[in-house]
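Inside the fold
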Amino acid sequence: MLDNMQNECSTAHAPAEHPKIKSGKVGILLANLGTPDDYTYWPMRRYLSEFLSDKRVIDYPRWKWQPLLQLIILSKRPFSSGEAYKSIWNHDKGESPLMTITKDQTAKMADALHARYGDQVMVDFCMRYGNPSTDSKVRKMVEAGCQKILFVPLYPQYAGATSGTANDQFFRALMKEKWQPAARTIPPYFDDPAYIDALAKSVEDAYDTAEKKPDLLVVSYHGMPKRYLMEGDPYHCQCQKTTRLLKERLGWDDSQITTTFQSVFGPEEWLRPYTVEHVADLAREGQKNIAVIAPAFSADCIETLEEINEEIKESFEEAGGEDFLYIPCLNDNPEHIAALAGVIENNLKGWLE
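Residues numbered from 1 in each chain as written. Predicted model: local features only at pLDDT ≥ 70, side-chain atom pairs only at ≥ 80, totals over all residues. Heavy atoms only, no water.

Looking now at a nonpolar patch on the surface. A cluster of nonpolar side chains, Leu68, Leu71 and Ile72, forms an exposed patch at the surface whose accessible area comes to about 300 Å². Within the fold, Ile72 resides in helix 3 (residues 62-88). (Patch = residues over 30% accessible without salt bridge, like charges linked within 9 Å, V, L, I, M, F, W, Y side chains within 5 Å. Areas by Shrake-Rupley, 256 points an atom, 1.4 Å probe, with all protein chains shown as cover. Salt bridge = Lys/Arg side-chain N within 4 Å of Asp/Glu carboxyl O. Helix = DSSP H or I, 4+ residues; strand = E, 2+ residues; numbered from the N terminus.)

Here it is in structure tokens:
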């Protein structure tokens, strides 16, 4: 009410030609990694060029990296990545699964937050790479009268290459606004009890319905160069704590769960053990029945649907593994939406009650 009175006072005595000002809303902007517009060569190349040119993702000197990227990697990589995307593409909607799921998450989050705050909030989503861009959605919120924006990177664990770069892009979008809204970003929520409960329930549900109960749960996180850990990135520690909290919530011991890292890229050593190698080692050591979950991803995407459920599964089976169960990401599960809504509500305190 006070905000609306202040807004009315600020324009009550404005001249007739003064531009109309919408005000009073709080924007909640969900952010995910991104997706190509299509799996054909040029959309894939544009997407990969933007992604792999991000200094938060690949921090090599530009003079060294860009010629290699533009002349060699991007002449071949769009073809192989395009084939991978094609194998998981949502052909009915003409978009990637990540886009479909993020839209569903946003719709359900809007319902949950409107039920609590009514028309005081505007809920939308953006992508760090590709469309819809962070710039376009910040602009849309400002035009709709959002004088405050809560930015929500959909990454439970913080990493410079995920939450950090999403926040960077949000701040760059704010730099373009004549009248900047007040802004907040959420902290990592990997240890939020409701998030851990949602993860645990997804495991319990998958185990309850499995034809054969897995002997071991492999908790696979997206990897990063080990150097980033040594330079102060907290991601590795937050991943390890996520696994520990999940194990404790399930009431398991160490023999039932293990942590690995996937998606290795480039010549550097990355966080170990590598998922694709470790599952093969498990099979050779006699672990013939495993499940894999990926808690660092809020929505199923190329790294889960294609890499885990195709490449990593194949590695396990070729080494002698028999039963491989992939447990989907939390996606738009009610428990996940409720957990995220709780995180958002905590971060709206002082703005909305």
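There is more to say, and it comes next.
Moving on: the pairing of strand 4 (residues 182-185). Two strands pair when backbone bridges link them, and strand 3 (residues 146-153) and strand 4 are joined in this way by 4 bridges, in the parallel orientation. Residue pairing for strand 4: Ile149 is matched across the bridge by Ala183. On the question of chirality, the crossover connecting strand 3 to the parallel strand 4 by way of helix 6 (residues 160-175) is right-handed. (Pairing = 2+ DSSP bridges. Right-handed = clockwise from strand over helix to strand, strands pointing away.)

With that out of the way, let us pick up the sheet that holds strand 5 (residues 216-222). In space, the 4 strands of this open sheet follow the order 6-5-7-8, with parallel pairing throughout. With one partner strand each, in any of the chains shown, strand 6 (257-262) and strand 8 (323-327) form the two edges of the open sheet. Ignoring strand direction, the axes of neighbouring strands in this sheet form an average angle of 25 degrees. Here 5 bridges tie strand 7 (residues 289-293) to strand 8, and the two strands are oriented parallel to one another. Bridging from a neighbouring strand, Ile290 pairs with Phe324 of strand 8. Of the strands in this sheet, strand 5 and strand 6 are in contact with helix 9 (residues 235-250), which crosses strand 6 at around 150 degrees. (Axes fitted to C-alpha atoms, helices over the stretch in contact; angles between N-to-C directions. Contact = heavy atoms within 4.5 Å.)

Here the focus is the domain arrangement of the protein chain. As assigned here, the protein chain comprises domain 1 (22-187) and domain 2 (193-327). Relative to domain 2, the C-alpha centre of domain 1 lies at a distance of 25 Å. Contacts between the two partners involve 23 residues from domain 1, matched on the other side by 24 residues from domain 2. Taken together, both faces of the contact between domain 1 and domain 2 bury some 1,800 Å²; the carbon and sulfur share is 59%. Summed over the three residues of domain 1 that lose the most area to domain 2, namely Ile88, Gln157 and Tyr158, the buried surface amounts to 29% of that side. (Domains from an automatic or database assignment. Buried area = accessible area lost by both parts, 1.4 Å probe.)

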